[in-house]
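The primary structure of each chain is shown beneath.
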Amino acid sequence: MAFVIGEACIDYMDRSCMEECPVDCIYEGERKLYINPNECIDCGACELACPVEAITVDRKADPEFKEDAKRFFLEVLPTRSEPVGNPGGAAKIDVIGVDTEMVSAF
């Protein structure tokens, strides 16, 4: 995993990071954005674009949010029948529209 989106993004989805991401690896939940750890190429464009400094390199990220980012892609989220997985770009599946239990609890 290269970058993690943290708490500052909850209820503040500016989406500037999505516009800057060259590989379209940032997915939209209901209240927060998530970076797919398997699709991220570690370029850092998203981190520089974030106006609230919610994006952090994984080794410095809050461990809870680091694990939560993995759960967003690996676990079946509420209202979905299968995990998001690795679709090869957010544009291929559009807005997910649901968050992990951790983010929903905020």
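Above this text is the structure in question.
What you are looking at is a predicted structure, and each value in this text was computed from that prediction instead of being measured.

With that settled, the discussion passes to helix 3 (residues 63-74). Look at helix 3: 17 Å from first C-alpha to last across 12 residues, which is about the 16 Å you get at 1.5 Å a residue. Listed as buried for helix 3 are Phe-65, Asp-68, Ala-69, Phe-72 and Phe-73. What you see down the axis of helix 3 is that its buried residues fit within an arc of 135 degrees, all on one side. Turned more than 90 degrees away from the buried face of helix 3 sit Pro-63, Glu-64 and Leu-74, all of them exposed. Contacts from the buried residues of helix 3 go to strand 1 (3-5), strand 2 (26-28), strand 3 (33-35) and helix 4 (101-104). A side-chain oxygen of the first residue of helix 3 lies 2.7 Å from the backbone nitrogen of Glu-64; this N-cap is Asp-62.

What follows covers the pattern of salt bridges. Between side chains of opposite charge, pairing is possible as soon as their charged atoms come close. Scanning all chains against the criterion turns up 4 salt bridges. We note a salt bridge from Lys-70 to Glu-67, for which the minimum N-O separation is 3.3 Å. With a gap of 3 residues between them, Lys-70 and Glu-67 both fall in helix 3, about one helical turn apart. Its relative accessible area of 39% is what places Glu-67 among the partly exposed residues.

Definitions and cut-offs
Residues numbered from 1 in each chain as written. Predicted model: local features only at pLDDT ≥ 70, side-chain atom pairs only at ≥ 80, totals over all residues. Heavy atoms only, no water. Helix = DSSP H or I, 4+ residues; strand = E, 2+ residues; numbered from the N terminus. Expected span 1.5 Å × (residues − 1). Buried < 20%, exposed > 50% of the residue type's maximum accessible area, 1.4 Å probe, protein only. Arc of directions from axis to C-beta. Contact = heavy atoms within 4.5 Å. Polar contact = N/O pair within 3.5 Å; in protein donor to acceptor, adjacent residues only side chain to side chain. Salt bridge = Lys/Arg side-chain N within 4 Å of Asp/Glu carboxyl O.

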